[in-house]
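If you want the building blocks of each chain, they are given just below.
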Amino acid sequence: MAITSVKNLKEFSTANERFEGAHLLCPGCAHSMIVRELMNATDDNLVIATNTGCLEVSTAVYPYTSWDTSWIHIGFENAATAASGAEAMYKARKRKGTLKDPDAPVKFVAFGGDGSTYDIGFQWLSGAVERGHDFTYICLDNENYANTGGQRSSATPVGAHTSTAQAGRVSYGKKQKKKDMVAIMAAHGAPYVAQLAPNKWKSMAKGFQKALETEGPCFINTVSACTTEWKFDPKDTIHITDLATDSLMFPIYEIINGRELNILYRPKNVIPVEEYLAAQGRYKHLFKPENRHVIEQIQKDVDEFWEYLQRREEAKV
Amino acid sequence: MKGVLATDKRGVRELGAEDLVGWDEVTQGVVLNSFDLEVENPALVPPEERPYSDFNSYTATVASWRVIKPVYNRDICIDCQNCWVWCPDTSIISRDKQMLGIDYDHCKGCGVCVEVCPTNPKSLLMFAEAEDPDAALSQWPEKKKKEKK
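A. Geometry of the overall build of chain A. When helices and strands are counted, chain A shows 11 helices and eight strands. For chain A, the C-alpha radius of gyration of 19 Å lies close to 20 Å, the compact-globule estimate for 317 residues. Each of the three principal axes of chain A carries a C-alpha extent, and together these read 70 × 50 × 40 Å. A total of 317 residues make up chain A; the buried ones form 55% of that total.

B. A look at the pairing of strand β1 (residues 45-50) of chain A. Residues and elements named next belong to chain A. Across the six residues that make up β1, a large majority, five, are buried. With six bridges connecting them, β1 and strand β3 (residues 106-113) associate as parallel partners. Bridge assignment links A49 to a residue of β3, and that residue is A110. Relative to strand β2 (residues 70-72), β1 is paired through three bridges, and the arrangement is parallel.

C. Region of the structure containing the packing of helix α4 (residues 79-96) of chain A against helix α6 (residues 122-131) of chain A. Residues and elements named next belong to chain A. Packing of α4 against α6 leaves a shortest axis separation of 7 Å and a crossing angle of 30°. What the angle tells us is that α4 and α6 run roughly parallel. When α4 is examined against α6, the residues A80, T81 and S84 are found in contact with a partner set consisting of W124, L125, A128 and R131. Tallied by class, residues from the contact of α4 with α6 come to four nonpolar, two polar and one charged.

D. Focus on the sheet that holds strand β8 (residues 260-263) of chain A. All names here are of chain A. The mixed open sheet is built from eight strands, whose spatial order is β2-β1-β3-β4-β6-β5-β7-β8. The outermost strands of the open sheet, each flanked by one partner alone, are β2 and β8. Each strand axis lies, on average, 15° off the axis of its neighbour in the sheet, ignoring direction.

E. Structural view of the nonpolar core. One finds A83(A), V109(A), A110(A), F111(A), V193(A) and C83(B) to be the most contacted residues of the largest nonpolar core, which totals 111 residues. One finds A22(A), F55(B), Y58(B) and V62(B) within the second-largest nonpolar core, a separate group that totals seven residues.

F. Molecular detail of the interface of chain B and chain A. Contacts between the two partners involve 45 residues from chain B, matched on the other side by 37 residues from chain A. At the level of elements, α1 (82-86) and α2 (112-116) of chain B are the ones that each hand at least two residues to the side of chain B that touches chain A. Class assignment of the residues belonging to the side of chain B that touches chain A gives a composition of 24 nonpolar, 13 polar and eight charged.

G. How the structure looks around helix α11 (residues 292-315) of chain A. Residues and elements named next belong to chain A. Taking 1.5 Å of rise per residue, 24 residues should cover 34 Å, and α11 covers 35 Å from first to last C-alpha, within 8% of that figure. Three or more residues of α11 are buried, namely V294, I295, I298 and V302. Those residues of α11 that are buried lie in contact with α10 (273-278). Once α11 ends, the next one or two residues include K316, with phi positive near 55°.

H. Molecular detail of the environment of G258(A). All names here are of chain A. Assignment of secondary structure puts G258 in the loop between β7 (253-256) and β8. Using a count of 16 C-beta atoms within 10 Å as the deciding quantity, one classes G258 as partly exposed. In this structure, the C-alpha to C-alpha distance between G258 and Y192, residues 66 residues apart in sequence, is 7.5 Å. In this view, G258 contacts A186, A187, G189 and A190; residues no more than four positions away in its chain are not counted.

I. Structural context of the environment of S138(B). All names here are of chain B. By secondary structure assignment, the location of S138 is in helix α3 (residues 133-138). Classification of S138 as exposed rests on a count of 8 C-beta atoms within 10 Å. Distance in space between the C-alpha atoms of S138 and W65 is 26 Å, their sequence separation being 73 residues.

J. Representation of α6(A) within the structure. All names here are of chain A. For α6, every residue scored as buried is listed here: W124, L125, A128 and V129. The buried residues of α6 occupy one face: seen down the axis, they fall within an arc of 130°. Those residues of α6 that are exposed and aimed more than 90 degrees away from the buried face are Q123 and E130. The elements touched by buried residues of α6 are α4, α5 (114-120), β4 (136-141), α7 (181-187) and β6 (218-223). Directly after α6, the chain includes G132, whose backbone phi takes a positive value near 80°.

Cut-offs used in this document
- Residues numbered from 1 in each chain as written.
- Chains lettered and ligands numbered in written order.
- Predicted model: local features only at pLDDT ≥ 70, side-chain atom pairs only at ≥ 80, totals over all residues.
- Helix = DSSP H or I, 4+ residues; strand = E, 2+ residues; numbered from the N terminus.
- Rg over C-alpha atoms; globule rule 2.2 N^0.38 Å.
- Buried ≥ 20, exposed ≤ 12 C-beta atoms within 10 Å, placed from the backbone.
- Pairing = 2+ DSSP bridges.
- Axes fitted to C-alpha atoms, helices over the stretch in contact; angles between N-to-C directions.
- Parallel < 35°, antiparallel > 145°, perpendicular 65-115°, else oblique.
- Contact = placed C-beta atoms within 7 Å.
- Nonpolar A, V, L, I, M, F, W, Y, C, P; charged D, E, K, R; others polar.
- Core = buried A, V, L, I, M, F, W, Y, C linked by C-beta atoms within 7 Å.
- Expected span 1.5 Å × (residues − 1).
- Arc of directions from axis to C-beta.

In structure tokens:
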């Protein structure tokens with residue numbers, strides 16, 4: 001497999017872009033940073049399937065496409081199914097000898113938002129991973145249904161204001177905890193599962209390359225800061241992602257073969273989650289005196305989870 | 001349909017009225033070719049040499065989204081490529097490890113490139129869309145001295 005060198009940014013920047021501009025994602029959207037990084041990380045031909053979501057509606061607005069690779073969209077839930085079907089067909093045609101260029105390396109990738117990964121497409125993703133197709137599923141996790149007006153999803157964290165879990169006099173926003181999708185996918189026995197963030201471009205590019213190289217179904221959860229629904233200035237996308245990784249709201253780690261856990265980024269100075277929450281409009285209400293206990297609870301949960309990750313890494317189980 | 005996305009900057013094809021159908025008449029399943037000719041592997045062909053089709057959003061522009069624009073100062077740039085890796089709109093043009101400039105047809109003016117620029121003073125700064133690039137360069141700030149603690 002031909003991979004682009006990610007030794008340093010200068011070498012990485014020699015990659016030929018295959019994701020074109022003039023898509024209609026919001027200015028400062030992290031989705032396109034992540035997609036560009038995946039497509040630049042390899043020279044292989046890519047077959048990409050995308051679930052309905054911001055990425056899909058913005059990059060394939062008739063009569064335009066922003067994709068310089070094979071790309072398909074079917075429904076909200078079935079990018080994993082479409083990618084696994086394409087992969088099965090590719091294998092069958094390879095076996096029968098009906099491929100035009102059987103030696104050309106091809107990688108199969110599926111993109112989904114958190115709504116289509118955590119909720120709507122969950123069963124389909126689970127099925128595709130269980131069948132063991134050789135593909136990589138990338139979840140662009142912006143913690144809500146941003147495409148349809150910011151409804152809550154099971155990826156929305158505690159305390160966030162969304163249009164269907166509103167903060168007000170009687171509620172402090174979403175009350176339920178975020179689903180641990182990475183652990184669920186690791187429990188499927190997928191050979192490579194990771195959580196990555198675009199501000200740490202190197203670990204992200206390496207993670208993508210590892211997933212593409214690994215035979216079998218791989219799952220990557222990526223943090224995609226949403227300027228519109230998280231309510232921050234478009235220029236701050238990377239800054240907010242920095243806060244997310246440094247406050248350990250989004251720890252960066254990988255799980256190999258469902259067992260071996262490696263932490264890929266340890267912040268030198270761990271910042272309190274309060275700083276991360278304060279930077280976004282969707283947590284504004286938590287800073288009222290009656291809601292302070294929610295922030296304390298979030299901090300406690302984050303600390304406990306980080307402790308758990310470190311224990312698992314040490315114990316190698 | 002004229003100007004679906006675009007201004008006239010990069011020769012967007014205007015789809016004639018005879019090509020168009022209403023939203024309820026569109027056949028289910030549409031294939032849009034990114035290129036007019038067959039390209040074996042686009043990852044090996046630099047963008048300048050690709051036979052982009054009129055369906056490729058590369059031929060469209062979102063320049064009208066901008067109210068502020070980044071201006072690039074070659075003299076200060078150290079080619080670190082931070083702006084390239086984090087540009088969400090594929091609008092930083094880098095070739096052979098060198099930053100060449102900004103693609104104003106695709107830039108939406110989000111300002112991420114300015115935020116991630118590490119030089120002192122920054123080699124990318126946001127100016128009003130109407131500002132003349134030369135005038136912008138002439139108002140570039142001086143190097144900020146580090147405050148002694």
